[in-house]
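Letter by letter, the chains look like this.
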Amino acid sequence: DEVVVFGYDLGMNHSGGFSQYIRVPKNWVLKKPSSISFKEVMIYGTAGITAALCVDKLLKYGVDKNNGEILVTGATGGVGLFSIAILSKLGFDVVAVTGKTKEIEFLKDCGAKSVMSRTEVEDTTGKPLLKPRWNAAIDAVGGNILVSILKSLKYGGAVACCGLAQSPNIHMTVFPFILRGVSLLGVDSVELPIEKKDEILNKIATIYKIENLDNIYTEIGLEEIKNVVPKILKGEVVGRYLVKID
């Protein structure tokens, strides 16, 4: 059978993240849908799974494409790019947030309706509430960016939170939650039950499938990982890296 593994302990305490052959517990394994190739699945990777989970959680929460714009932070990263592409495919108006202003046209090509810089989104006034603007958001940044989004959601809006690129800490009042009824939705793709992973993988292979992945990934060999990882850690890369093992 053609199978894939996402998350759990693979590549962390359990070796094998870059191996050609691995042995894993059977309850980590997902059957690959026939409508998506191994290459496509690996381009999505954990970041694509996480993005799809964020979109899915917002849809199940009740976010409607007709109620306004959705904000996506960390837009040039894997989660950000797939979130933009999937939301755009589903008909949402997506506003991408990035510190890489030279990538504006690239982000629009991926499906963003418009692009904003981090400084335009981040509030430094310390006000407990801001003017309502966003229908919903997907945030992979955390910190004060996440706080700023929560303070500027429309009534009943929601943020799917999955990252901490800026900071794991948030400092704010409860006013957005008790005066505007907004929600902070946590998203995890690592320890997610296998049934939920199977559900989201099948959605990636069908209703969330991105037809043109060529702009999103760069293919590298195993020996190039040591040069790419430091750039990833410094936030200097755009999109996904696909490791081809010969």
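Heads up: the structure comes first, above all this text.
Everything quoted here is computed from the prediction, not taken from an experiment.

This part is about the packing of aromatic side chains. Per the stated rule, a full pass over the model turns up 2 aromatic pairs. With centroids separated by 5.8 Å and ring planes inclined at 20°, the aromatic side chains of tyrosine 8 and tryptophan 28 adopt a geometry described as stacked. With a gap of 20 residues between them, tyrosine 8 in the loop between β1 (3-5) and β2 (29-31) and tryptophan 28 in the loop between β1 and β2 connect regions that are remote in the sequence. Seen in terms of ring centroids, tyrosine 44 and phenylalanine 82 are 4.5 Å apart; in terms of plane orientation they differ by 20°. Their pairing is stacked. You can see tyrosine 44 sitting in helix α1 (residues 38-61) and its partner phenylalanine 82 sitting in helix α2 (residues 78-89), a full 38 residues away along the chain. Both residues of the pair, tyrosine 44 and phenylalanine 82, count as buried. In this structure, lysine 32 packs its charged tip against the face of phenylalanine 38, placed 5.2 Å from the ring centre. Sitting over the face of the ring of tyrosine 8, lysine 197 holds its NZ or CZ atom 3.4 Å from the ring centroid.

Below, the discussion takes up the nonpolar core. Residues Leu58, Phe82, Ile84, Leu87, Leu107 and Ile138 are the most contacted members of the largest nonpolar core, which totals 51 residues. Those elements giving two or more residues to this core turn out to be α1, β3 (70-72), α2, β4 (94-98), α3 (104-109), β6 (134-139), β7 (153-161) and α7 (194-204). Considering every element that reaches this core, the biggest residue donor is α1, with 11 residues. Beyond its immediate stretch of four places on either side in the chain, leucine 107 contacts Ala75, Thr76, Leu81, Ile84, Ala96, Thr98, Ala112 and Val115. Counting 16 residues, the second largest nonpolar core, distinct from the first, contains Leu71, Val141, Leu150 and Val159.

Analysis parameters
Residues numbered from 1 in each chain as written. Predicted model: local features only at pLDDT ≥ 70, side-chain atom pairs only at ≥ 80, totals over all residues. Heavy atoms only, no water. Phe/Tyr/Trp six-rings, centres within 6.5 Å; stacked < 30°, edge-to-face > 60°. Helix = DSSP H or I, 4+ residues; strand = E, 2+ residues; numbered from the N terminus. Buried < 20%, exposed > 50% of the residue type's maximum accessible area, 1.4 Å probe, protein only. Lys NZ or Arg CZ within 6 Å of the ring centre and 35° of its normal. Core = buried A, V, L, I, M, F, W, Y, C linked by side-chain atoms within 4.5 Å. Contact = heavy atoms within 4.5 Å.

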